[in-house]
Structures are given as structure tokens and as C-alpha cells.
Amino acid sequence: MADRKEEITQQRLAKLSRIRSRNIDPYPHRYHRTHTIQDAVSLFEEQERDNAQSPEVCVAGRITAHRSMGKASFLDVRDGSGKIQAYFRKDRLGEEKYQLLHDFDIGDIIGMSGKLFRTRSGEVTVGASDFVMLCKSLQSLPEKWHGLTDVEKRYRQRYLDLISSEEVRRIFVIRSRVIAAIRRFLDGRGFIEVETPVLLPVAAGAMARPFSTHHHTLEQDLYLRIATELYLKRLIIGGLDKVYEIGRIFRNEGISIKHNPEFTMLESYEAYADYNDVMEMVEQMVCHVAQEVLGSHEVTFGEDTIDLSPPWRRVNLRDELLEKCGFDFLDQRYRDLSSLREMAKGLGVEVEDAMSWGRLVDKLFSTFLEPNFIQPTFVLDYPIEISPLAKAKPDDPRLVERFECFIGGFEVANAFTELNDPVEQRKRFEEQEQLRSLMGDEEVERMDEEFLVALEHGMPPAGGLGVGIDRLVMVLTNQHSIREVILFPQLRTKEK
């Protein structure tokens, strides 16, 4: 196979040499297109309906098929907007010009001009009166250019995946439009978009293991952010009442169909709001985005049709655990770690030695409840032990005002009524640090002294939100692996 690929490259290099020998630059600086391919087709169809004269256009794109019939040739050419057929005739182009086509291969990029017409088979076609080489490709496209079947190759060489599959291109166009629609929605509600640091002295704001690095000039170890929360809250303290950020988050954790070490998160904070206000905003935002981008509030996900129109179902975490596995996390029998471990093992749950009480409750939840939440569902009111940044419920301080949102059987969003009591926040941080020391658990909340100083200056009541953009796009595009919606997912090096 390697010899065959090398042979193809050598053949293309020989063609490249012939092109240059004719004083033709095979990599010109620019080409003036009058239309994208889709715009050209639309223009032709419009003028065809009006019985107007066929337009002349200049279009460009990558050759995806080449059919030669002696004195005439057909090429299929594709740009980012669509595909068109091009028709080349020797008597129209002249012998010398027509012969240049012999040095074009599938994968090359061509520019061409000519009148549009419709063939007897009904296909809109460019009748080429001139053409030019825009880029000579030295590697061949996959044999089945209409779609790569090697999953590893699709992710590692995403450019081939995009060239080969219209569906893959569609997914990433939708992803871009989803993010743009989210921005418009939040801007319309009076939020402002901000930017916070990626390199941090303390990796706080979430329960996750960070990536670390070292700044040589500062002689300081730094961490890639695991959340934007604590910096966005500083802005609420500073008087920016509605802020959001859409950016990359980095967590040094496992890789799965739902997890990638770097992912895109929306975080927003609104002063004077609580988690009820945030719930209303989330269901309105997701439905609005789906309607704007897809034209419908219903999406297909696997075998299910998911209705995103508000209001969404709201359930209580404690009630759901009691119903599904008979476990009450407020029952005194299970308030110590050893008893909870025994109970979890009895339910067939794998228990790791370093698991804290809170992480084990979360494991029970993800095992018995999460996969069942197909339709949009808000799960409310979590134990305080697993939510150190959330405000306790006024009627039961063992619980906090927190919700997680699930669609398609996995978490899409997480939100709190934010804790703004600096004394209580310090106490919670200290408890998390003790857990880190006792359990050796890196996935606990870290003490951030500078944030506590900021909090001591006074933060108004606030509702905070985190939305996993990648997972939301998975739902909206019917993809069951996060790698399908991230252009360049993390992969092992080839040697490993």
C-alpha cells in the first residue's frame, strides 16, 4: 500500500513538473470567483424560472471526479457550499488548452469560467470557456472519497473527512451556527461576552484534575483552567451584572464518547438571579437555538424524538435515587463513607479506593439515573458535599440549590444559585482541601485565596450556569460520540 501511495505521489510530481515547464504557476496567489458554487446554481435556477439568459460565472473548487470521453471531459467540482459539474470541449478550448486537463487529478483545485446550462439528465453544469490550475494536490484522496470508513483516520486527518463527507461538513457548520445563535440569545438578554485567563496559579472552580505547565520567566507552576467560574464571579463582584464566556476548558481526565480532555464550555453569571431563573433561561435558549439553526424545536437523537420546547421536566435528585435504587443520601445509615461503599457494592457499583462520599453519590446517580433522562430534564437539589460553590437551600442546609440538565441520556448543563457568603465559602474550600489530603483525591475543589478576598468585598445574589457546547451539538446533530463534533479530538500518538 505504501509503495502504491509513493507511486501516485511520483506521478503527480511529474505532472507538476510538466505544468511548470509550460511557464504555468500551479499555485497562483489568488483567483477571482464571481460566485460560490451554491450561489451559481441558485442564480441559474432563478434565471431559468424567469426565462432569462443563462449567466456566465467564475467558480472554483476541488475536483472530486474526472470523466474523459476523448474530445470532451466532465469534472465534478466542490467548494465549501456545494458541488457542480463542469463540461470541457476540445473544440471550444483549443487543442493546447484542452491537453492541460491531462495533468489534472482528483483532489486538485481548479478555477473555471463559462456559461451555465442544464444537461439532458437535468444537472446544472458549467460549460467551461477557460480554466486554471489553482493548486496541484500531491496526495490522492481516499478511494471512497464520499466517506472515510477508517474512524481513526477520520479524526487524525480531519481535512480528509471534511473533503470526503458532506454530512461531516454539515455537522461543523451547524456547530458554528449554534455558537453564534447562543451569543445572539445572551446578547439579547443584556449579557456581555468577556474573556478570562487560561493559565492560572490555582486550578479551581470545578472538581477536576488539571493539566500543569511552567512559566520560566515567572519561575511559577501554572495550570490550564478547568472552569471559568471564579474569574467570572469576580466580574459580578466588580459590577458587571450579566457576563458570559464561551471558551476552551482543559481537564486531565479520561477519554470516552462523552469526554475529551479539552472541550468548549459556555459559562454565564447573572446578578440578582437564582437557579430557577437560570432554568427558565436554559430551556428558552436551547429551544430558541434549535429553532433558529435547525428550523424546529424537535430533534432526532438515535431512536428518540426529543422535544426541546419549554417547559422541561423537573425532578428531585433525592426522590429519583430513592425510586430507582432505594438509596436516600440523607439517611443517617449512609452518611459515613464505609456504609455507603457497602451499599453501593451491593447494588453492583464499582467502588474505587480514593472515592469520597460525594463522588460515590455522583457515581450512583450517573449509573442509575443519567441514562434514563432522554427528554430534557432538570435534576434539582444536590447534597452539599458535592457542590461546594452552591448556596444551601433555606429549608434544608444539607442540600444546595443546584440543577443539572440532561438530554439524550447525558449531562448538558450544570447550574447553581451561587454561594456569596465568604465565611461559608472559605469553610467549604477548607473541607475540600482536607478531603484531598485524606483521600488523595485530585478531583476536589481547590482553595483560591484571591477569589475569597474578592468575595469578601461583596457579591450580590447570582445564578451561574455551565453548558457543554460539544454535548449540546451532539444532541442537535444526532451524534453519539463527542469526537464527531470536535474538529480535532485528542488522540494517542501513532507510536502508542
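Look up a bit, the structure's there.
Residues numbered from 1 in each chain as written. Predicted model: local features only at pLDDT ≥ 70, side-chain atom pairs only at ≥ 80, totals over all residues. Heavy atoms only, no water.

K.L.:
Would you mind showing me how to read helix H12 (residues 357–368) here?
P.N.:
Owing to its 3.6 residues per turn, the α-helix brings residues three or four apart onto one side. Taking 1.5 Å per residue, 12 residues should reach 16 Å; H12 reaches 17 Å between its end C-alpha atoms and fits that length. For H12, the complete set of buried residues consists of Trp357, Gly358, Leu360, Val361, Leu364 and Phe365. Angular distribution of buried residues about the axis of H12 spans 165°; they occupy a single face of the element. Considering only its buried residues, H12 is in contact with helix H10 (317–325), helix H11 (337–346), strand S15 (377–383) and strand S17 (396–407). (Helix = DSSP H or I, 4+ residues; strand = E, 2+ residues; numbered from the N terminus. Expected span 1.5 Å × (residues − 1). Buried < 20%, exposed > 50% of the residue type's maximum accessible area, 1.4 Å probe, protein only. Arc of directions from axis to C-beta. Contact = heavy atoms within 4.5 Å.)

K.L.:
Which parts of the structure should I look at to understand the environment of Lys97?
P.N.:
Position of Lys97 relative to the elements: it lies in helix H4 (residues 95–99). Residue Lys97 is classed as partly exposed on the basis of its relative accessible area, which comes to 23%. Spatially, the C-alpha atoms of Lys97 and Lys393 are 78 Å apart, while their sequence positions differ by 296 residues.

K.L.:
Explanation requested: the sheet that holds strand S4 (residues 109–118) in the structure shown.
P.N.:
Overall, mixed pairing links the 5 strands, which are arranged S1-S2-S3-S5-S4 in a closed barrel. Between one strand axis and the next, the sheet turns by 55° as a mean value, whatever way the strands run. By the bridge criterion, 10 bridges tie S4 to strand S5 (residues 124–135) in an arrangement that is antiparallel. Its bridge partner being in S5, Phe117 is matched across the sheet by Thr125. (Pairing = 2+ DSSP bridges. Axes fitted to C-alpha atoms, helices over the stretch in contact; angles between N-to-C directions.)

K.L.:
Explain the nonpolar core to me, please; I cannot follow it from the model alone.
P.N.:
If you look at soluble globular proteins, the nonpolar side chains tend to sit buried side by side. Core analysis: the largest hydrophobic core is formed by 47 residues, its most contacted members being Val178, Ile182, Leu186, Leu266, Leu308 and Phe403. With 10 residues, the single largest contributor to this core is helix H9 (residues 275–294). Excluding its chain neighbours within four sequence positions, the residues that come into contact with Leu186 are Phe191, Tyr244, Leu266, Met281 and Met285. Formed by 45 residues, the second largest nonpolar core is a distinct cluster that contains Leu369, Tyr382, Phe416 and Leu455. (Core = buried A, V, L, I, M, F, W, Y, C linked by side-chain atoms within 4.5 Å.)

K.L.:
Would you mind showing me how to read the sheet that holds strand S7 (residues 199–200) here?
P.N.:
Hydrogen bonds between backbone groups are what pair the strands of a sheet, and the pairing can be parallel or antiparallel. Taking strand neighbours across the sheet as the criterion, the 3 strands line up as S7-S9-S8 in an open arrangement whose pairing is antiparallel. Every other strand in the sheet has two partners, leaving S7 and strand S8 (212–215) as the edge strands with one partner each. Pairing of S7 with strand S9 (residues 220–224) involves 2 bridges; the strand directions are antiparallel. Bridging from a neighbouring strand, Leu199 pairs with Leu224 of S9.

K.L.:
I would appreciate a short explanation of the packing of aromatic side chains in the present structure.
P.N.:
The description of two aromatic rings rests on the distance between their centres and on the angle between their planes. One pass over the full model with this rule turns up 12 aromatic pairs. On the numbers, 5.4 Å between centres and 90° between planes, the contact of Phe88 with Phe131 is edge-to-face. Of this pair, Phe88 sits in strand S3 (residues 83–89) while Phe131 sits in strand S5, placing them 43 residues apart in sequence. You can call Phe88 buried: its relative accessible area is 0%. Judged by centre distance (5.6 Å) and plane angle (75°), the rings of Phe104 and Phe131 are edge-to-face. Pair noted here: Phe104 is in the loop between H4 and S4 and Phe131 is in strand S5, with a separation of 27 residues, a long-range link. Across the pair, Phe131 and Phe104 agree in class, each one buried. Through a chain of ring-to-ring contacts, three or more aromatic side chains come together here, namely Phe365, Phe373, Tyr382 and Phe406. For Lys97, the ring lying beneath its charged end belongs to Phe131, and the centroid distance is 4.8 Å. Lying across the ring of Tyr231, Arg234 places its NZ or CZ 4.2 Å from the centre. (Phe/Tyr/Trp six-rings, centres within 6.5 Å; stacked < 30°, edge-to-face > 60°. Lys NZ or Arg CZ within 6 Å of the ring centre and 35° of its normal.)

K.L.:
I would appreciate a short explanation of the side chain of Arg471 in the present structure.
P.N.:
Within the secondary structure, Arg471 sits in helix H15 (residues 469–477). Excluding its chain neighbours within four sequence positions, the residues that come into contact with Arg471 are Lys258, His259, Phe410 and Glu411.

K.L.:
When you look at the pattern of salt bridges in this model, what are you seeing that I'm missing?
P.N.:
Oppositely charged side chains can pair when the atoms bearing their charge come close. According to the stated counting rule, one finds 42 salt bridges in the structure shown. For Arg67, the salt bridge identified is with Asp76, shortest N-O distance 3.3 Å. Given a relative accessible area of 33%, Arg67 falls into the partly exposed group. For Glu167, the salt bridge goes to Arg170, with nearest N and O atoms at 2.8 Å. Highlighted residues: Glu167 and Arg170, both in helix H7 (residues 166–188), separated by 3 residues, approximately one helical turn. The partly exposed category is assigned to Glu167, whose relative accessible area is 36%. Take Arg170: its relative accessible area is 38%, and that puts it in the partly exposed class. One continuous salt-bridge network, built from bridges that share partners, spans Lys15, Asp105, Asp108 and Lys136. (Salt bridge = Lys/Arg side-chain N within 4 Å of Asp/Glu carboxyl O.)

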